[in-house]
Amino acid sequence: MGMTMSQKILAAHAGLEEVKAGQLIEADLDLVLGNDITSPVAINEMKKMDRKTVFDKDKIALVMDHFIPNKDIKSAENCKCCREFACRHEITNYFDVGDMGIEHALLPEKGLVVAGDAVIGADSHTCTYGALYKSMEFVGEGIRNLSMDDRFTICNMAIEAGGKNGIFPVDELAVEYMKEHSKREFTVYEADEDAEYDETYVIDLSELKPTVSFPHLPSNTRTIDQVGEVKVDQAVIGSCTNGRIEDMR
């Protein structure tokens, strides 16, 4: 039986010939992500353990993402907890104020995540570059016209569609991006022709209409022809993956 891209990546990291849906595996990880919201929780749990240090100081990324600059004492305490932990354990990839950014854009741009990696992160949008549960694979002629920022954003939103992983095939554009941003070797996995999927959705891109999200949920959407006369009090440019200064300019 054939395997999908995600199955092949997980099998390779678990030292298995194949993996199937519902199977529990133990996999080696290329990167573990923590941020200023979730890391203090994990750090406080680690204090209860007998382990004296982390499993690999080069394979951990701590990004001060949500509470920088600190808006109050509690925010400052969270970041202080991460800062002290990073210094104590000599975490290689620690990104503090002045060097941080949107974590899911920062890691690929810094070359810490490349094709074929197995990555987990204590943030729902870690699906930007991969994890377990249901996986959404995006294929077809239309994706050739998508930039890497487009692809990161689509993968980022897989969690809102009920998936824990969004993944695109590796093409020339992805290869060029990785060569520009990283010196690490990457691995290309391609889905087998007889790979099994729970469901397949065929989308005619020529029939898609621009869609606007309304408060207070991503699911509260209307197509552009249904928006009507709506007064806009505030506009936010960008997304959880690529809300960057370049986009705003």
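Note that this is a predicted model, so its numbers are computed, not measured.

(A) Spatial organisation of unusual backbone geometry. Backbone torsion omega between Ile68 and Pro69 reads -5 degrees, so that peptide bond is classified as cis. With an omega of 0 degrees, the peptide bond running from Pro215 to His216 counts as cis. Of note, His216 is situated in the loop between strand S7 (211–213) and strand S8 (221–223). A positive phi angle is found at Glu90, which is not glycine, with a value near 55 degrees. Structurally, the position occupied by Glu90 is in the loop between helix H3 (73–88) and strand S3 (93–95).

(B) Structural view of H3. Helix length check: H3 (16 residues) gives 22 Å between terminal C-alpha atoms against 22 Å at 1.5 Å per residue, within 8%. Of all the residues in H3, the buried ones are Ser75, Asn78, Cys79, Cys81, Cys82, Phe85 and Ala86. For H3, the buried positions fall inside an angular range of 145 degrees around the axis, keeping them on one side. Projecting away from the buried face of H3 at angles above 90 degrees are the exposed residues Ile73, Cys87 and Arg88. Looking at the buried residues of H3, the elements they touch are strand S1 (31–35), helix H2 (39–46), strand S2 (60–63) and S3. Of the residues flanking the end of H3, it is Glu90, one or two places downstream, whose phi is positive at about 55 degrees.

(C) Layout of the packing of helix H5 (residues 148–156) against helix H6 (residues 172–181). Axis separation between H5 and H6 bottoms out at 10 Å; the angle between their running directions is 100 degrees. With respect to H6, the element H5 is oriented roughly perpendicular. On H6, the residues that touch Met148, Arg151 and Phe152 of H5 are Leu173, Ala174 and Tyr177. Residue composition of the contact of H5 with H6, grouped by class: 5 nonpolar, no polar and 1 charged.

(D) Fine view of the packing of aromatic side chains. Under the criterion given, the structure shown has 2 aromatic pairs. Judged by centre distance (5.0 Å) and plane angle (25 degrees), the ring pair of Phe138 and Phe168 falls under stacked. Of the two residues, Phe138 sits in the loop between strand S5 (135–137) and H5 while Phe168 sits in the loop between strand S6 (165–167) and H6, which places them 30 residues apart along the sequence. Each member of the pair, Phe138 together with Phe168, is buried. Geometrically, the ring pair formed by Phe152 and Tyr177 is edge-to-face, given 5.5 Å between the ring centres and 65 degrees between the ring planes. One end of the pair, Phe152, is in helix H5; the other, Tyr177, is in helix H6, with 25 residues separating them in the sequence. The exposure class of Phe152 is buried, given its relative accessible area of 14%.

(E) Here's a closer look at the pairing of S1. With 4 of 5 residues buried, S1 lies mostly within the body of the structure. Relative to S2, S1 runs parallel, the two being bridged by 4 bridges. Within S2, the position partnered with Gly34 by the bridge is Leu62. Each parallel crossover has a hand, and the one from S1 via H2 to S2 is right-handed.

Definitions and cut-offs
Residues numbered from 1 in each chain as written. Predicted model: local features only at pLDDT ≥ 70, side-chain atom pairs only at ≥ 80, totals over all residues. Heavy atoms only, no water. Helix = DSSP H or I, 4+ residues; strand = E, 2+ residues; numbered from the N terminus. Expected span 1.5 Å × (residues − 1). Buried < 20%, exposed > 50% of the residue type's maximum accessible area, 1.4 Å probe, protein only. Arc of directions from axis to C-beta. Contact = heavy atoms within 4.5 Å. Axes fitted to C-alpha atoms, helices over the stretch in contact; angles between N-to-C directions. Parallel < 35°, antiparallel > 145°, perpendicular 65-115°, else oblique. Nonpolar A, V, L, I, M, F, W, Y, C, P; charged D, E, K, R; others polar. Phe/Tyr/Trp six-rings, centres within 6.5 Å; stacked < 30°, edge-to-face > 60°. Pairing = 2+ DSSP bridges. Right-handed = clockwise from strand over helix to strand, strands pointing away.

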